[in-house]
Amino acid sequence: MWPFDASIESLWLALYLASFALHAVFVSYVAAGTAYALVAALRHSADPIAARVRDWLPFMLGAGITAGVGPLLFIQLLYQRRFYTANLLMGPRWGAVVPALIVGFYALYLAKASEQRRRLALGVGLACFAFVAWSWTELHQVMQDDPAWRAMYAAGSRFYLDLAIVPRLAAWFGAMLALFATVAAWSVAPTAPGERRRLAVLALAGLTASGITSAVAIILRHAFDPAHGWTYLLIAAAIIAAGGWLWTARRPDGHGLTLATAATTAALFAGTIVREAPRLALIEQSRATAVDSGCILVFFFTLAIGIAVIAWIVRVVRCAVA
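These figures come from a predicted structure and were not determined experimentally.

Assigned secondary structure in the chain consists of 13 helices and 0 strands. In sequence order, the secondary structure elements of the chain are arranged as α-α-α-α-α-α-α-α-α-α-α-α-α. Here the C-alpha radius of gyration of the chain, 21 Å, is about what a compact globule of 322 residues would show, namely 20 Å. Each of the three principal axes of the chain carries a C-alpha extent, and together these read 60 × 50 × 40 Å. Across the 322 residues that make up the chain, the buried fraction comes to 42%. Nonlocal contacts in the chain, meaning residues at least 24 apart in sequence, comprise 78% of its contacts between residues at least 6 apart.

A word on a nonpolar patch on the surface. A cluster of nonpolar residues, Phe301, Ile305, Val309, Trp312, Ile313, Val316, Val317 and Val321, forms a patch on the protein surface that exposes about 800 Å² of accessible area. In this fold, Val321 is placed in helix 13 (residues 296–321).

In this section: the packing of aromatic side chains. One pass over the full model with this rule turns up 12 aromatic pairs. Ring geometry for Trp56 against Phe59: centres 5.6 Å apart, planes inclined by 70 degrees, an arrangement best described as edge-to-face. Note that Trp56 and Phe59 are positioned in helix 2 (residues 48–67) at a spacing of 3 residues, about one turn of the helix. Judged by centre distance (6.1 Å) and plane angle (20 degrees), the rings of Trp134 and Phe159 are stacked. Here Phe159 lies in the loop between helix 7 (146–155) and helix 8 (165–185) and Trp134 lies in helix 6 (residues 118–144), a separation of 25 residues in the sequence. The class of Phe159 is partly exposed, set by a relative accessible area of 39%. Members of the aromatic cluster, connected to one another through ring pairs, are Tyr16, Phe20 and Trp172. When the ring centre of Trp134 is taken as reference, the NZ or CZ atom of Arg93 above it lies at 4.7 Å. Directly above the ring of Tyr79 sits Arg279, whose terminal nitrogen or CZ lies 4.8 Å from the centroid.

Next up on the list: helix 4 (residues 80–95). Across its 16 residues, helix 4 extends only 18 Å between first and last C-alpha, which sits more than 12% below the 22 Å expected from 1.5 Å per residue. The principal kink in helix 4, of about 75 degrees, is found at Leu89, preceding the proline Pro92 by one to four residues. Listed in full, the buried residues belonging to helix 4 are Gln80, Arg82, Phe83, Thr85, Ala86, Asn87, Leu89, Met90, Gly91, Arg93 and Trp94. Contact partners of the buried residues in helix 4: helix 3 (69–78), helix 5 (97–113), helix 6 and helix 7.

This brings us to the pattern of salt bridges. Under the counting rule described, the total for this entry stands at 8 salt bridges. As a salt-bridge pair, Glu276 and Arg279 come within 2.6 Å of each other at their nearest N and O atoms. Neither Glu276 nor Arg279 differs from the other in exposure class; each is buried. Taken together, the shared-partner salt bridges connect Arg275, Glu276 and Arg279 into one network.

What counts, and at which threshold
- Residues numbered from 1 in each chain as written.
- Predicted model: local features only at pLDDT ≥ 70, side-chain atom pairs only at ≥ 80, totals over all residues.
- Heavy atoms only, no water.
- Helix = DSSP H or I, 4+ residues; strand = E, 2+ residues; numbered from the N terminus.
- Rg over C-alpha atoms; globule rule 2.2 N^0.38 Å.
- Buried < 20%, exposed > 50% of the residue type's maximum accessible area, 1.4 Å probe, protein only.
- Contact = heavy atoms within 4.5 Å.
- Patch = residues over 30% accessible without salt bridge, like charges linked within 9 Å, V, L, I, M, F, W, Y side chains within 5 Å.
- Areas by Shrake-Rupley, 256 points an atom, 1.4 Å probe, with all protein chains shown as cover.
- Salt bridge = Lys/Arg side-chain N within 4 Å of Asp/Glu carboxyl O.
- Phe/Tyr/Trp six-rings, centres within 6.5 Å; stacked < 30°, edge-to-face > 60°.
- Lys NZ or Arg CZ within 6 Å of the ring centre and 35° of its normal.
- Expected span 1.5 Å × (residues − 1).
- Bend = angle between axes of the 7 residues up to and from the residue.

Below is the structure:
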């Protein structure tokens, strides 16, 4: 099934897309959740959703950063020369995402612990996460734009100021809002219909914004890529998700949330393939010497050790809490 086949690159691609989808869920909760908590703080409202989100944000950011290691490693295997070239061209500007994440991480803890500094901390955290999202979108575009490489290097510029970045980033912000609402809604009790309705409205707003800005991006590129049918699956899944959220808004205690979650999951996986489709032709073929030196046995050995250690840590923590 396109774009997967029996090659080693296809295996890397499948692992990259799966790990990226998981990473997207966590970072969407963090970015959109921080924005939601900030709005609630500015309104001085006693919002139960915002209170739960503030408690979960530091953990979700840690999970998002950890889940981001996988796609970062696989993208280096897939687009070797292009990925490293884009990194070098953007230079310290690209490296600034690391201190931005550190500042954002501590800002979330400050927002959780201090009510007096909550608005400032959430504002700083949101600015940091928006910067990281912009940087990743910029890197994605630089990797594909060969003609811009020479110009950026000659000018010593660290910024890729292309108009296509704006609707692309806006589409992601809309998708993040829908993903945040999907995750947050499952922590809302059926006995709190008002909270589920509010999250349904947020999800519908996110889906609408993502759809409109995606259409703008297609118009700017003057090209529509069906991605061998994955784009149509993405559109259908988004429409079904919207229907599920409308159902949830009308009947918060019904099965609309289950339908919306299933459709959103399908849209997420289809969207990762559609997102990757324009640069699949740029994947570099692996060399035999590199494949033969992969040491797959060592990988699975260390994987087993890692899983065992994590399971032991979880058991210790659960015993301590009990």
